[in-house]
Amino acid sequence: MFTITEEQRQYKTYVLSDTAAGSQLEVVPEKGGIITRWRVKGEEILYLDVERFTNPELSVRGGVPILFPICGNLPDNTYTYNGKQYTLKQHGFGRDLPWQVAEKVTEGKASLSVVLKSNELTRAVYPFDFQLTFTYTLQGNYLVIDQVYQNLSAVPMPFSAGFHPYFQCADKSQLEFDIPSGQYLDQKTKEMHPFNGNFDFERDEMDFAFGHLRSQSAAVTDHSRKLKLTLDYDDVYAMLVFWTLKGKDFYCLEPWTAGRNSLNTGENLTLLEPGASKTTSVKLTADFF
């Protein structure tokens, strides 16, 4: 049986449930359309820093933040379009603005569609008209995020997009990685390194970008939790970013359509023609063994 209930907490929270599978998904549309919790068989899959989440002044650290219209940051937070300079902060504004609920489905699955439309605030930093529609679907042990990016402008619209999921993990030494790339860029030092499947978790921070992906699937096995997480993504996602901080009980494996500064460099940038739309999807599967 599939249900969607609404709970008025600090923010209105939509709870999607698959009672037969014992799985739940929580979405907070007004706080960047974010997924805050995902439970499978009653187990928390995601990490959420509740203290930061309840403080409107701080960026969210946890759940599955949405990255749009850029992934990562820009040098000095600026880019130039048509000879004019604009300011966009790290990961863009998609994760900060309120989204509107468009549709709820509980027939055969639990799915919630949320919409973000351009407005005066967005046009001041990103001079395009757009509509984004994201549909979160919960069924059994998997979560699907279907996305539709629409360009409502009279000119081509450049963007990159992605997600920043925080996965709960108490003992990172028990993680086993299957990332379909043989090298990564250290985004701090700008150096390329070969990847043999292992990370040095003694480092204070790891911020690694994997490009030249050999397949549309990656997996992380947490042997301490007996949990295998599989991330499937469409081929528009040109890279995966691995990020974690020492002493924090999370790691992030993030699908990005383009890397940092792509709005300036054009590398892997999606350019959507006037009136056109781009449809894409990401799927997360949690298998306990």
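Report on the accompanying structure.

Thresholds applied
- Residues numbered from 1 in each chain as written.
- Predicted model: local features only at pLDDT ≥ 70, side-chain atom pairs only at ≥ 80, totals over all residues.
- Heavy atoms only, no water.
- Phe/Tyr/Trp six-rings, centres within 6.5 Å; stacked < 30°, edge-to-face > 60°.
- Helix = DSSP H or I, 4+ residues; strand = E, 2+ residues; numbered from the N terminus.
- Lys NZ or Arg CZ within 6 Å of the ring centre and 35° of its normal.
- Salt bridge = Lys/Arg side-chain N within 4 Å of Asp/Glu carboxyl O.
- Buried < 20%, exposed > 50% of the residue type's maximum accessible area, 1.4 Å probe, protein only.
- Pairing = 2+ DSSP bridges.
- Axes fitted to C-alpha atoms, helices over the stretch in contact; angles between N-to-C directions.
- Core = buried A, V, L, I, M, F, W, Y, C linked by side-chain atoms within 4.5 Å.
- Contact = heavy atoms within 4.5 Å.
- Polar contact = N/O pair within 3.5 Å; in protein donor to acceptor, adjacent residues only side chain to side chain.

A few words on the packing of aromatic side chains. Throughout the structure, instances matching the rule amount to 38 aromatic pairs. When the centroid spacing of 6.3 Å and the interplanar angle of 65° are considered together, the rings of Phe201 and Phe242 count as edge-to-face. Taken together, the positions of Phe201 in the loop between strand S18 (191-194) and strand S19 (205-210) and Phe242 in strand S22 (residues 239-245) put the pair 41 residues apart, joining distant regions of the chain. Seen from the ring of Phe53, Lys31 lies directly overhead, with NZ or CZ sitting 5.6 Å from the centre. Lys172 extends its terminal NZ or CZ atom over the ring of Phe250, reaching a point 6.0 Å from the ring centre.

Now for the pattern of salt bridges. Scanning all chains against the criterion turns up 14 salt bridges. Glu26 is the salt-bridge partner of Arg39, the closest N and O atoms lying 3.4 Å from each other. Here Arg39 is found in strand S4 (residues 34-40), whereas its partner Glu26 is found in strand S3 (residues 23-28), with 13 residues between them in sequence. For Arg39, a relative accessible area of 14% translates into the label buried. Ionic contacts of the salt-bridge type, sharing partners, join the residues Glu7, Arg9, Glu26, Arg37, Arg39 and Glu44 into one network.

The next point concerns the sheet that holds strand S20 (residues 217-222). On the basis of which strands lie adjacent, the open sheet formed by eight strands has the order S9-S10-S11-S12-S25-S21-S20-S16 and antiparallel pairing. Edge positions in the sheet fall to strand S9 (100-105) and strand S16 (175-178), since each of these pairs with one other strand and no more. Strand-to-strand twist in this sheet, taken as the mean axis angle between neighbours without regard to direction, amounts to 15°. Direction of pairing for strand S12 (residues 142-151) relative to strand S25 (residues 277-288): antiparallel, over a ladder of nine bridges. When the sheet's bridge partners are listed, Asp146 is paired in S25 with Ser281.

In terms of nonpolar packing, the biggest core is built from 70 residues, with Trp38, Phe134, Phe199 and Phe210 touching the most fellow members. Among the elements that take part in this core, strand S11 (residues 130-139) stands out by supplying five residues, more than any other. If sequence neighbours within four positions are ignored, Phe210 has contacts with Ile179, Ser181, Gln183, Tyr184, Phe195, Phe199, Ala238, Met239, Leu240 and Phe242.

What follows covers the sheet that holds strand S2 (residues 12-18). Strand order in this open sheet of five strands is S1-S2-S3-S4-S5, and the pairing throughout is antiparallel. Both edges of this open sheet fall to strand S1 (2-8) and strand S5 (43-44), since each of them pairs with a single strand only. Pairing of S1 with S2 involves seven bridges; the strand directions are antiparallel. By the bridge assignment, Glu6 is partnered in S2 with Tyr14.

With that settled, the discussion passes to the pairing of strand S8 (residues 84-87). In terms of strand pairing, strand S7 (residues 78-81) meets S8 through four bridges, oriented antiparallel. The partner of Thr80 across the bridge, within S8, is Gln85. If you look at the hairpin formed by S7 and S8, you'll find two residues sitting between the two strands, and Asn82 has a positive phi there, around 55°.

Counting through the fold element by element, Thr257 comes out in the loop between strand S23 (250-256) and helix H3 (262-265). When its relative accessible area of 4% is taken as the criterion, Thr257 is described as buried. Among the polar contacts made by the side chain of Thr257, one reaches the main-chain amide nitrogen of Ala161 at a distance of 2.9 Å. What Thr257 contacts, discounting residues up to four positions off in sequence, is Cys71, Ser160, Ala161, Val236, Tyr237, Ala238 and Asn268.

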